[in-house]
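Report on the structure
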Amino acid sequence: MRALFLSLLLHATAWATPLPADRPFVPSASVAGEAGPLQAWVNPALPGFDPDPRYGAVLAFDTLGRRSIGASAGMGGLSVGLANLVHAPGQERWVAHYASSAQLPGRLSFGTSVNWHLVGGSGNHLAIDAGLAWRPRSWIGFAGAVRSIGAPDPTGTIPTSGVVGAVIRPLDDALLIGLDGELYGGARPTRLARATVRARPVEGLYLRGYADTELSFGAGFEVYFGGAGGGVHASAGRHAPLGALMIGTDEPGESLAGLPPPVQVLDLRRDLPYTARDGLLSGPQPGWLDTLGRLKKARERGSARAVLLRLGGASISWARRQELRRELLALRAEGVPVIAWLDGSVGTGDVWVASAADRIIAHPAADIGLIGPTRKLTYLRGLFDRLGVRFEVVRRGDYKSAVEPLTRDSPSGPTLEQEGALLDDLHAQLVADLAEGRGESKGSVHRWLEGPWTAEEALDLKIVDALVWPDEVDDFVEAMLERTAPSRNLQRLPSPRSGWASQRQIAVIVVDGMIMPGASQPGLIGPRVTGGATIARMIRRAAEDPDVAAVVLRVDSPGGSLYASEEIWRATTQLREEGKPLVVSLGGVAASGGYFIATAADAIWAEPTTITGSIGIFLQKPDLSEGLAQLGLTFAELNRGGGARLDPTRPLTPIERARYEEIVGAGYTRFKDRVAQGRGLTDLEVEAAAGGRVWSGRDAHAGGLVDHLGGFNDAVADAKARAELSDKAQVRIVRAGSSPALDRLAPLIYDGVQTVRERGAKNELPEALKPLVHDLATWILVGSEGLWMLAPFDPEVR
């Protein structure tokens, strides 16, 4: 049967399209619409529209002994390939190919390819292809390419050629129709017109065909399973019959057989950064925001048979855990089972997330550290007294307690009040969610919070449903589902992106860590630092980019420099002046300067457990005079004219203090004015929420500081609606980086340092000392000058 098929394939007609002499034969390809792995050979501009990884090969041959073998692989606009071509008996050449392309504004893509022709002897030469493609709408595209330009082929076999074409997609991915016109140079210029079609009647099956003015025609089909597959193609007409065999990839996950959805596994036993990072030799490693998006897609597309969540040991804020719980509950509402497995050292937050699952299982040797929420406040006054250092503070807001660690040895009354309110709010939410999720009474949950517990005790108390060893987890899941189901890492599952999707997108910009002047820093040692100049530049670029329809600003910051916060605030107002919506999503902490930069938004979203507010301002200065005097150091100060100085070698004079009181007061008034104008509140309403007091997201919503309660995905949906985009519109998480090479190298360095930090934190640094180290590192960053808007240091509840 196979011999009969090949015989019909090769001998059915007398003529067919000749094999190209300078590149592999790509069957029924359109210069404006080819989407296969060998698209860069057709037009080097096309990979710029296709960020997904591709690889493939094609073998073509005719009855005259000519053949064409080509292979290509690439992703993200880059492609490499190799071809072996026999144009006539005894005329063989190798062609090595490198293509690079990039999207430009206005849905344009430009690309070039360098082709090294190895013929032997003096016939070796270098040729260049260049292409341009334009897709003004999702249903139509235009393109052109110039091939084999540069040094002429010494053998005279390959003339320079050009091709232009157009393609339409009347049924989206189901049908693509193209029309190309080609002109070949050389001694006898040749013109050729070709019509192509590519149909997709069902997922995973493609039908190709073409006809041209040389009276040649051809047809074939391709079949894909799990995104990989192959096909055959036959051509006939004026020239020798031609057959082709193809293997390679198509859209990630494309499958004819309708494979059952896998169990998607999400491992949260290690901290996830907010944004994706590129490995040096691998693709992007999804971050926290990507993971939330993938869970949403799994729910909407029905691509998860179940979700298995592995928890234990990660340091994730309560608000981030809450938005994860929301996604898990949404999956369950769509009928997707959720199983949570607790492993290693399990904290209260891990059990809280797990309570959103259908079943909770635990490692038999796990430590279930289920205890009530706790805040550890660190005070450094006694330490600095021993060093002869005194801090002078000018502040506005009785609740502005960020400076208290330097000036007190115990919490003030306002601090106890606001900290107690936060703990009461979180405790109430925790008890209610655990009781509802586990179907137990609140009295039982209060008993649970008297841990820690062994795994056996947790099972007896019905905190967990079963104890399961790691090698038994898959069996437990299959027994629960009553069927065998493959498991896949959620963060490594393919996430196809159409090259025809509208470029109008939502840009996500992340403010993570203290806000400081200048450029962002990774925070390898000490707190993370977000540079005001970096974020302002990113927002302005989004305002200028015609493809950005709206911006989501994700804020997880306790604040920082007033100057840097003002830089970011100014950029947000310029974005809105350009008519682009700005939606803010508040993370674990978005207080003081972290809230200040959100005030100009169209809408602010926060989780009920978000820590926000802290509308206040302070100035602090160390007075080292006593300690320096003990060392025998004295100073004489000479100056001309007046003015207040922040001199660490002496105390403030009454005149200097009075001046700084005026400056701090003016900054505080400006902060409150920003809140009133941005949130539409009266002066009395702002005054009631100000004073430096921190609020839970739930209380902030009640007080008008926050517009909606919800997580990151809710903020993205809000931004899409305000920009009048479809729910399928792209979401691009903007990352600060100096170059692609450094972006790829930096994660390797960061991961190594992060691993050291995690090991040190878990194995060497006592838990009680962590807030002290964090606070000391924070004060080193703050320094001694400038106005600051900071919430209490290390405001996380443990």
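Residues numbered from 1 in each chain as written. Predicted model: local features only at pLDDT ≥ 70, side-chain atom pairs only at ≥ 80, totals over all residues. Heavy atoms only, no water.

A few words on the pairing of strand E27 (residues 505–512). Counting buried positions over the eight residues of E27 gives eight, a clear majority of the element. Residues of E27 alternate between two faces, with Gln505, Ala507, Ile509 and Val511 on one and Ile506, Val508, Val510 and Asp512 on the opposite face, all of them buried. Bridging between E27 and strand E30 (residues 548–557) involves eight bridges; their strand directions are parallel. Looking at the pairing, Val510 lines up with Arg554 of E30. Both E27 and strand E38 (residues 730–734) contribute to a ladder of five bridges, which runs parallel. Counted as the bridge partner of Ile506 is Val731 from E38. (Buried < 20%, exposed > 50% of the residue type's maximum accessible area, 1.4 Å probe, protein only. Helix = DSSP H or I, 4+ residues; strand = E, 2+ residues; numbered from the N terminus. Pairing = 2+ DSSP bridges.)

Within strand E19 (residues 338–342), five of the five residues are buried, which leaves it mostly tucked inside the rest of the structure. The alternating pattern of E19 places Val338, Ala340 and Leu342 on one face and Ile339 and Trp341 on the opposite face, and all of these are buried. Pairing of strand E18 (residues 306–311) with E19, which is carried by five bridges, proceeds in the parallel orientation. Across the sheet, Leu309 pairs through a bridge with Ala340, a residue of E19. Taken together, the four bridges between E19 and strand E21 (residues 359–362) define a ladder with parallel strand orientation. By the bridge assignment, Trp341 is partnered in E21 with Ile361.

It is worth spelling out the confidence of the model for the protein chain at this point. This prediction gives the protein chain a mean pLDDT of 85; 87% of its residues lie at or above 70. For the protein chain, per-element mean pLDDT is lowest for helix H20 (residues 740–764), which scores 34, and highest for strand E33 (residues 603–606), which scores 98. In the model, residues 1–17 has pLDDT below 50 throughout and makes 42 contacts with residues more than four positions away in sequence or in other chains. pLDDT under 50 marks residues 737–766. Its contacts with residues more than four places away, or in other chains, come to 34 contacts. (pLDDT = per-residue confidence, 0-100. Contact = heavy atoms within 4.5 Å.)

Spatially, E25-E21-E19-E18-E15-E26 is the arrangement adopted by the six strands of the open sheet, whose pairing is parallel. At either margin of the open sheet sits one strand with a lone partner, and together these are strand E25 (466–467) and strand E26 (487–489).

This paragraph deals with a negative patch on the surface. On the surface, a cluster of negative charge is contributed by Asp471, Glu472, Asp474 and Asp475. By secondary structure assignment, the location of Asp474 is in helix H11 (residues 473–481). On the accessibility criterion, Asp474 (41% relative accessible area) is partly exposed. (Patch = residues over 30% accessible without salt bridge, like charges linked within 9 Å, V, L, I, M, F, W, Y side chains within 5 Å. Areas by Shrake-Rupley, 256 points an atom, 1.4 Å probe, with all protein chains shown as cover. Salt bridge = Lys/Arg side-chain N within 4 Å of Asp/Glu carboxyl O. Lys, Arg positive; Asp, Glu negative; His and termini not counted. Charge placed at Lys NZ, Arg CZ, Asp CG, Glu CD.)

Before going further, it helps to examine the pattern of salt bridges. For the structure on display, the rule yields 44 salt bridges. The salt bridge partner of Arg198 is Glu222, with a shortest N-O separation of 3.3 Å. Remark: Glu222 occurs in strand E12 (residues 217–225) and Arg198 occurs in strand E10 (residues 190–202); sequence separation between them is 24 residues. Under the relative-accessibility criterion, Glu222 is labelled buried at 3%. Close ionic contact of Glu577 with Arg570 constitutes a salt bridge, the shortest N to O distance being 3.9 Å. For Arg570, a relative accessible area of 38% puts it in the partly exposed group. Among the charged side chains, a salt-bridge network with shared partners connects Glu34, Arg198, Arg208 and Glu222.

The biggest cluster of nonpolar side chains holds 65 residues, and the ones touching the most others in it are Trp288, Leu289, Leu342, Ile368 and Val552. Not counting chain neighbours up to four residues away, the residues in contact with Ile368 comprise Leu342, Val346, Val351, Pro452, Trp453, Thr454, Ala455 and Ala458. Among the nonpolar cores identified, the runner-up in size contains 55 residues, and Ile535, Met538, Ile568 and Trp695 belong to it. (Core = buried A, V, L, I, M, F, W, Y, C linked by side-chain atoms within 4.5 Å.)

In this section: the side chain of Thr610. Along the chain, Thr610 turns up in the loop between E33 and strand E34 (611–613). Residue class for Thr610 comes out buried when judged on its relative accessible area of 0%. At a separation of 2.9 Å, a polar atom in the side chain of Thr610 contacts the main-chain carbonyl oxygen of Gly587. Ignoring any residue separated from it by four or fewer positions in sequence, one finds Thr610 in contact with Ala319, Leu586, Gly587, Gly588, Trp695, Ser696 and Gly697. (Polar contact = N/O pair within 3.5 Å; in protein donor to acceptor, adjacent residues only side chain to side chain.)

At their nearest, the axes of helix H3 (residues 288–301) and helix H4 (residues 318–333) sit 9 Å apart, and the two run at 15° to each other. In terms of orientation, H3 and H4 fall into the roughly parallel class. The chirality of how H3 crosses H4 is left-handed. On H4, the residues that touch Trp288, Leu292, Leu295, Lys296, Ala298 and Arg299 of H3 are Arg320, Glu323, Leu324, Glu327, Ala330 and Leu331. Residues of the contact of H3 with H4, tallied by class, amount to seven nonpolar, no polar and five charged. (Axes fitted to C-alpha atoms, helices over the stretch in contact; angles between N-to-C directions. Parallel < 35°, antiparallel > 145°, perpendicular 65-115°, else oblique. Left-handed = near helix turned anticlockwise from the far one by under 90°. Nonpolar A, V, L, I, M, F, W, Y, C, P; charged D, E, K, R; others polar.)

Another point: H4. The end-to-end C-alpha distance of H4 is 22 Å, a good match for the 22 Å that 16 residues give at a rise of 1.5 Å each. Among all positions in H4, only Trp318, Ala319, Arg320, Arg321, Gln322, Glu323, Leu324, Arg325, Glu327, Leu328 and Leu331 are buried. Trailing H4 by a residue or two, Gly335 shows a phi angle of about 85°, which is positive. (Expected span 1.5 Å × (residues − 1).)

Time to look at unusual backbone geometry. Note the cis peptide between Gly451 and Pro452, where omega equals 10°. The phi angle at Asp172 is positive, at roughly 55°, despite the residue not being glycine. Note on placement: Asp172 falls in the loop between strand E8 (161–168) and strand E9 (175–184). Residue classification places Asp172 among the partly exposed residues on the basis of a relative accessible area of 48%. The phi dihedral of Ser614 falls on the positive side, at around 55°, and the residue is not glycine.

Strand order in the open sheet made by the three strands is E20-E22-E24, with mixed pairing throughout. Of all strands in the sheet, those with a lone pairing partner are strand E20 (345–347) and strand E24 (453–454), marking the two edges. As defined by bridge partners, E20 adjoins strand E22 (residues 367–369) across three bridges and the pair is classed as parallel. Paired with Gly347 across the bridge in E22 is Gly369.

Okay, helix H19 (residues 712–722) next. Listed in full, the buried residues belonging to H19 are Phe712, Asn713, Ala715, Val716, Asp718, Ala719 and Lys720. Glu724 occupies a position one or two residues after H19 and carries a positive phi of about 60°.

Right, let's get into a nonpolar patch on the surface. Nonpolar side chains collect at one region of the surface, where Leu78, Val80, Leu82, Trp94, Tyr98, Trp116, Leu118 and Leu126 lie side by side and expose about 740 Å² of accessible area between them. Among the secondary structure elements, those contributing two or more residues to the nonpolar patch are strand E3 (78–88), strand E4 (91–104) and strand E5 (108–118). Here the element with the most residues in the nonpolar patch is E3; it accounts for three residues.

Applying the stated rule across the entire model yields five aromatic pairs. Aromatic pair Tyr206 and Tyr224: ring centres 5.9 Å apart, planes at 80°, arrangement edge-to-face. Of the two residues, Tyr206 is situated in strand E11 (residues 205–212) and Tyr224 in strand E12; the sequence distance between them amounts to 18 residues. With a relative accessible area of 6%, Tyr206 lands in the buried category. (Phe/Tyr/Trp six-rings, centres within 6.5 Å; stacked < 30°, edge-to-face > 60°.)

It is worth spelling out the environment of Ser444 at this point. Mapping Ser444 onto the fold places it in helix H9 (residues 442–448). The class of Ser444 is partly exposed, set by a relative accessible area of 24%. As a C-alpha pair, Ser444 and Val431 span 13 residues in sequence and 9.4 Å in three-dimensional space. Among the polar contacts listed, one links the side chain of Ser444 to the side chain of Ser441, at a separation of 3.1 Å.

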